[in-house]
Amino acid sequence: MDDVLFARLQIAFSLGFHIIFASISIAMPLLMVFAERLWMRTGDREYHELTKAWAKGTAILVAIGAASGTVLSFELGLLFPTFMRHAGPVISMPFSMEGFAFFAEAIFLGIYLYAWNRISPPMHLWAGVTVAVGAAFSAIFVVTANAWMNHPRGFRIAEDGTFTDIRPIAAMLNPYAVHEIAHMLVAAYLATGILVAAVHAFILLRHPQSTIHRKAFGLAMAMTIPMAILQPVVGDFAARRVARFQPLKFAAMEGQFRTETHAPLRFGGIPDPEAMETRWAVEIPGFLSFLGFGRASAEVKGLEEWPREDWPHPVIVHLGFQIMVICGLILLAVALWAFFHWLFRGRRLPDSRAFLWATVLSGPLGMLAIEAGWTVTEVGRQPWVIYEVMRTQESATPMPGMIAPFLVTLVVYLGLSAAVILVMYRQIRIGPGRPAPGLVATAEGRAR
Amino acid sequence: MILPWITATIILVALVVYAILGGADFGGGVWDLLASGPRARRQRELIAEAIAPVWEANHVWLIVVIVLLFTCFPLAFSVISIALHVPLALMLLGIVMRAAAFVFRHYDVAGDPVQRRWGQIFAWSSIITPLFLGICVGAVSLGSIRIEDEVVLTGYFGPWLRPFPVTVGVFTLALFAFLAAAYLTRETSDPELQEDFRSRALMAQLWVAVLALLAAFANRADAAAVQLLRGVWPWIFVVLAIALGVAVTYALFRRRYKWARVLAASEVATIVIGWGAAMVPYMVAPDLTLQEAAAPPHVHLLILIVLFVGAFTLVPSLLWLYRIFKREPIFEPVERERARP
């Protein structure tokens, strides 16, 4: 039992680590390409320096993302071999396609970073665009595989328990994937955008006159604002899909123990599984029925409908969901502040100290929301690894002593996190425009 | 059923490409660790510059191998994941640390001490990865993993912690180091650096030969041994590999670096393909054949279609990458500021 718990903790921790770098790999190349395009159009050297600085950050973070992604593809087998033994062929389509997306990302990142003075400017820009597109497709394929775990289809279970009648195409064309992909992609752009904006806002607080950081801040906010406004809409769509496909997970997310009509929407609160109620929540009567099913009189199924051994952990899932929603609402508020300022004050972003501080403090919230949101998805699927088909317990490796690999993973990833923060801090402190040692020969800018 | 044989061949091809491209990146780490003499710093710079633009793309071949394995041969993937959990986990540790240390060293702005520390982690993790990759390859071929009713019977250390897999691990390390040194002669136009790596390549080639012999003996001596050199096919590849080994040695000796690069890659490819031929018909010898491990045929067909379509985007991209960075030596000789004694 403990061994399964440690296997779960290991993959949870590995995913939690990887997803930050994966999200940055999706969004950061896009920012880099925007900056380069602006440089090509305006000839403004500062955009060139900004492109270089962002490219350096991208190089570091994408490398960590690629390595930790490799670890995950092995860990699926190392930790849950029985799951992969049956699921592998069924989810073969998104995984094999993901390989090509990953190739595109890696090949064109190499070209983008090191061929500044070897290919023409438009080709260089296109290499960057390919990196951004490849990363987005990687995410689409991987999330499609996850959607299958939540809404398995494209196979039958034979009498001896094996999977037969495998239809990989049907498994891939999964209605559950639509909202997961949309929610994840928007989250990646939003979380990276606000994080980058926060870094440059922090520098602007110290050096308000720095024009290059103003440009960087503006570009990052240009990505953040529409995504922050879009995300609640996508999130609402996602919640309605979960309510339809996984009513049990929906009940756990909302802390809904009893089946009722006019179910209230709860903000905060701690679910108490013994008393079968969620305490200390701020409730809006009827609103959960409305959000989930379109009418206040709709019936929302509570956890009581299912046997206790099929429940996900109600406290973790509910709190994870609350954290994600609160982060999203704060980011929405910051985005609306900026948006209305832009709209009514002569098409300029706010640059008051109050707004810059608000951005700095919101910087980590996007990533926090991603972590919390994936906790909801994954813990909310438990006790199943393949929803209502295979239990996590049955799928784990028979190897004993799983605490050892878990602890190694923990130590290595915590150490790497510290190292990444340190290296990025040093990069940011020297600022854009100065070449890193060891990179001089190849990364010199092309002459214009 | 022919389809599983086709996908298995593609897995082998991906493994060959991973060895001749990604393997050389790890071999570079070996020479980073062993950099010595008056040009140690220049050697390290050359290695870093040769690896930097291509290592991430080269690494993806390993992902291709693993994805094709778990989609097309899921039973083999699950058995290998259970029996070789420990060496695979250690290999992953090497992969993560290598990637992280390499970019940190490349981009970190701190002075020399920090750079050296990252450099050492880079070098050591470059050694760990091929070593444990080789150990895993050795263990699946030896017959030390026993399976009954899809259950692994032989434990978590016994199948790989024995002479043959460990020898194959060290052999893999030597092979990758040899490959890297042979390539590096062509990455620079500086004659002194070329000489450095020429002598290293020749030395490594000798190690490769010795370790291959040792592995052959270890295979014979092991009680669990599935004899890898049975039948005609493996011997054909052995002879071919020896011939290519002699040819590389000659090319290096005569300083024909362009030829040495091609021949060294061919030698490594021959060895990996030869291993594949010796494995037939097993996926995990001796209890799991390729046919038993295979997913239903239409899954293989779908994967082949994906691979076929994907190749149209992949091949031109890869060719472009290598055209940009590997057609001509790009690491220039520097003005030497101090006269040598």
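Rules used in this analysis
Note on numbering: residues in each chain are counted from 1, in written sequence order. Chains carry letters from A onward and ligands carry numbers from 1 onward, assigned in written order. Selection of residues for local features in this predicted model requires a pLDDT of at least 70, selection of side-chain atom pairs for listing and counting requires 80 or more, and totals for whole chains, interfaces and linings are taken over all residues. To qualify as a helix, a DSSP run of H or I must reach at least 4 residues; to qualify as a strand, a run of E must reach at least 2; elements of each kind are numbered from the N terminus. Throughout, radius of gyration means the C-alpha value; the globule benchmark is 2.2 Å times the number of residues raised to the power 0.38. Buried residues are those with 20 or more other C-beta atoms within 10 Å of their own C-beta, exposed residues have 12 or fewer, and partly exposed residues lie in between; C-beta atoms are placed from the backbone. Note on contacts: residues are paired as contacts if their backbone-placed C-beta atoms lie within 7 Å. Polar here means any residue other than Ala, Val, Leu, Ile, Met, Phe, Trp, Tyr, Cys and Pro, which are nonpolar, and Asp, Glu, Lys and Arg, which are charged; Gly is therefore polar. Confidence of the predictor in every single residue is expressed as pLDDT, which spans 0 to 100. For helices, the axis comes from a line fit to the C-alpha atoms of the stretch in contact; other axes are also lines fit to C-alpha atoms, and the angle between any two N-to-C directions lies between 0 and 180 degrees. Geometric relationships in this document are graded by angle, where less than 35 degrees denotes roughly parallel, more than 145 denotes roughly antiparallel, 65 to 115 denotes roughly perpendicular, and other angles denote oblique. When the near helix sits turned anticlockwise from the far one by under a right angle, the crossing is termed left-handed; a clockwise turn instead gives a right-handed crossing.

In this section: the overall build of chain B. What chain B contains, in helices and strands, is 12 helices and four strands. A compact globule built from 341 residues would reach a C-alpha radius of gyration of about 20 Å, and chain B, at 20 Å, matches this within 12%. A burial count over chain B gives 56% of its 341 residues as buried. Counting contacts in chain B only where the partners sit at least 6 residues apart, residues at least 24 apart contribute 79% of the total.

The number of helices and strands found in chain A is 16 helices and 10 strands. Here the C-alpha atoms of chain A give a radius of gyration of 23 Å, agreeing with the 22 Å that 2.2 N^0.38 yields for 448 residues. Among the 448 residues that make up chain A, the fraction classed as buried is 53%. Intrachain contacts of chain A at a sequence separation of at least 6 include 75% that bridge at least 24 residues.

Taken together, the contact pairs 54 residues of chain B with 58 residues of chain A. Elements represented by at least two residues in the side of chain B that touches chain A include exactly helix H2 (40-51), helix H3 (55-72), helix H4 (74-83), helix H5 (85-107) and helix H12 (297-326) of chain B. In the side of chain B that touches chain A, the residues fall into 42 nonpolar, nine polar and three charged.

Moving on to the environment of Ile64(A). As for its placement among the helices and strands, Ile64(A) is situated in helix H2 (residues 45-79). Classification of Ile64(A) by C-beta neighbours within 10 Å gives buried; the count is 27. Beyond its immediate sequence surroundings of up to four residues, Ile64(A) is in contact with Phe21(A), Leu416(A), Val420(A), Ala99(B) and Ala100(B).

Attention now goes to the confidence of the model for chain B. For chain B, mean pLDDT is 90; residues scoring 70 or higher make up 95% of the total. Of the regions scoring below 50 in pLDDT, residues 335-341 of chain B engages in one contact with residues more than four places distant in sequence or in other chains.

Below, the discussion takes up the packing of helix H1 (residues 2-42) of chain A against helix H7 (residues 175-206) of chain A. All names here are of chain A. The interhelical angle for the contact between H1 and H7, taken along N-to-C directions, is 65 degrees, at an axis separation of 8 Å. With respect to H7, the element H1 is oriented roughly perpendicular. Here the hand of the crossing between H1 and H7 comes out right-handed. Counting all contacts with H1, which are made through Ser23, Ile24, Ile26, Ala27, Met28 and Leu31, the residues of H7 involved are Ala188, Tyr189, Ala191, Thr192, Gly193 and Val196. For the contact of H1 with H7, the per-class residue count stands at nine nonpolar, three polar and no charged.

This brings us to the confidence of the model for chain A. Residues and elements named next belong to chain A. In the predicted model, chain A carries a mean pLDDT of 90, and the fraction of residues at 70 or more is 96%. Across chain A, the secondary-structure element scoring lowest on mean pLDDT is helix H16 (residues 440-443), at 35, and the one scoring highest is helix H13 (residues 365-379), at 96. Across residues 435-448, confidence stays below pLDDT 50; counting only partners more than four residues off in sequence or on other chains, it has 17 contacts.

Looking now at unusual backbone geometry. Between Val280(B) and Pro281(B) the backbone carries a cis peptide bond, its omega angle lying at 5 degrees. Between Ala285(B) and the following residue, Pro286(B), the backbone shows a cis peptide bond with an omega angle of 0 degrees. Looking at where Pro286(B) falls in the secondary structure, it is placed in the loop between strand S3 (282-284) and strand S4 (288-289). Notably, Asp165(A) is not glycine yet its phi reads approximately 55 degrees, a positive angle. Turning to its location among the elements, Asp165(A) is positioned in the loop between strand S2 (163-164) and helix H6 (168-172).

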